[in-house]
Amino acid sequence: MDGEFCVVCGRTGRELTDGLCAECAADRTTLVTAPERAVVVVCPSCGARQVGGVWEREGSSPLLTAEDLAPFLRVHPEAGVRRVRWEETSASGTVRELSGSVDVVFRGVPRTVPVRLSVRTEHRACPECSRKSGRYYTAVLQLRGDQEKPAEKSRPLHARLETAWRELLAESRAEWRKSVSWQEELPEGYDVFFTQTLAARAVAKVAKTKFGASVKESATLFGRKDGQDVYRVTLCLRFPRSAATIGGPDGRVEQ
Ligand SMILES: [Zn+2]
Ligand SMILES: [Zn+2]
């Protein structure tokens, strides 16, 4: 490589790859990236994480750790990660904005790469905990606020959703109400678990027609029973903020 020089910096006596010294190549290569949004699924009972279709790390802290974040980093195949530091820049509800600083070595050259990551924590009972608790359900109604800006404060949001839920139950048939197994409070609203999917759908329909809520249905594969795939249905109900005028804070309908 006598007399060969880096086509960018012109320095000689350095090992070159495709005409570039390692330093110049490092400066021109995307060494680490992170997706803009990431979701970490945590079982609130045992701390297990859902990674792909598998639940792992049972017994770990339900709080986000670097171990949760590392898998989201996309690292160039020639770069080796030495250290990652994360700093939370803001948090609202279950979403955390993080800025990370990743120390890597690329072809012998150390670099520190800044990344940004927005992580949402989703709480979901792992199959093991669902089984142990004996809590059986086939559908879950997610009661949520709208997605308008600015984001709603937790307390008024919960008060409003509670009122909407009470009114919604009052509008529902007794047989639908009987299908409600239990409910959980979350930072972003409430989850109501149903033992009958048809009842959950019927209640969602009332929410849509009488309360102006939007309804989004999705199904997740829960497991297999008797050689059949078993699905659970999630109905996400978003109640527009203006619907708060339907009932006052004490749940009474204002005239
Ligand atoms: Zn160079
Ligand atoms: Zn669990």
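All values derive from a computational prediction rather than experimental measurement.

Draft legend 1. Expanded view of the environment of leucine 186. Among the secondary structure elements, leucine 186 is positioned in strand β12 (residues 180-186). Using a count of 18 C-beta atoms within 10 Å as the deciding quantity, one classes leucine 186 as partly exposed. Separated by 56 residues in the primary sequence, leucine 186 and serine 242 place their C-alpha atoms 22 Å from one another. Setting aside chain neighbours within four positions, we find leucine 186 in contact with His123 and Asp191.

Draft legend 2. Just the environment of glutamate 4, in detail. Position of glutamate 4 among the secondary structure elements: in the segment before β1 (16-17). Accessibility expressed as a C-beta count within 10 Å gives 13 for glutamate 4, which makes it partly exposed. Spatially, the C-alpha atoms of glutamate 4 and lysine 216 are 62 Å apart, while their sequence positions differ by 212 residues.

Draft legend 3. Region of the structure containing the domain arrangement of the protein chain. What the domain assignment reports for the protein chain is domain 1 (20-123) and domain 2 (136-245). Between domain 1 and domain 2, the C-alpha centre-to-centre distance is 32 Å. Listed as interface residues are four residues of domain 1 and, on the opposing side, four residues of domain 2. For the side of domain 1 that touches domain 2, the residue count by class is no nonpolar, four polar and no charged.

Draft legend 4. How the structure looks around the sheet that holds strand β13 (residues 189-194). Spatially, β12-β13-β11-β15-β14 is the arrangement adopted by the five strands of the open sheet, whose pairing is mixed. Either end of the sheet is taken by a strand with one partner, and the two such strands are β12 and β14 (214-225). Neighbour-to-neighbour, the strand axes of this sheet turn through a mean angle of 20 degrees, independent of strand direction. As paired elements, strand β11 (residues 139-145) and β13 share six bridges and run antiparallel to each other. Bridge pairing in β13 places arginine 144 opposite glycine 189.

Reading the values: rules and limits
- Residues numbered from 1 in each chain as written.
- Chains lettered and ligands numbered in written order.
- Predicted model: local features only at pLDDT ≥ 70, side-chain atom pairs only at ≥ 80, totals over all residues.
- Helix = DSSP H or I, 4+ residues; strand = E, 2+ residues; numbered from the N terminus.
- Buried ≥ 20, exposed ≤ 12 C-beta atoms within 10 Å, placed from the backbone.
- Contact = placed C-beta atoms within 7 Å.
- Domains from an automatic or database assignment.
- Nonpolar A, V, L, I, M, F, W, Y, C, P; charged D, E, K, R; others polar.
- Pairing = 2+ DSSP bridges.
- Axes fitted to C-alpha atoms, helices over the stretch in contact; angles between N-to-C directions.

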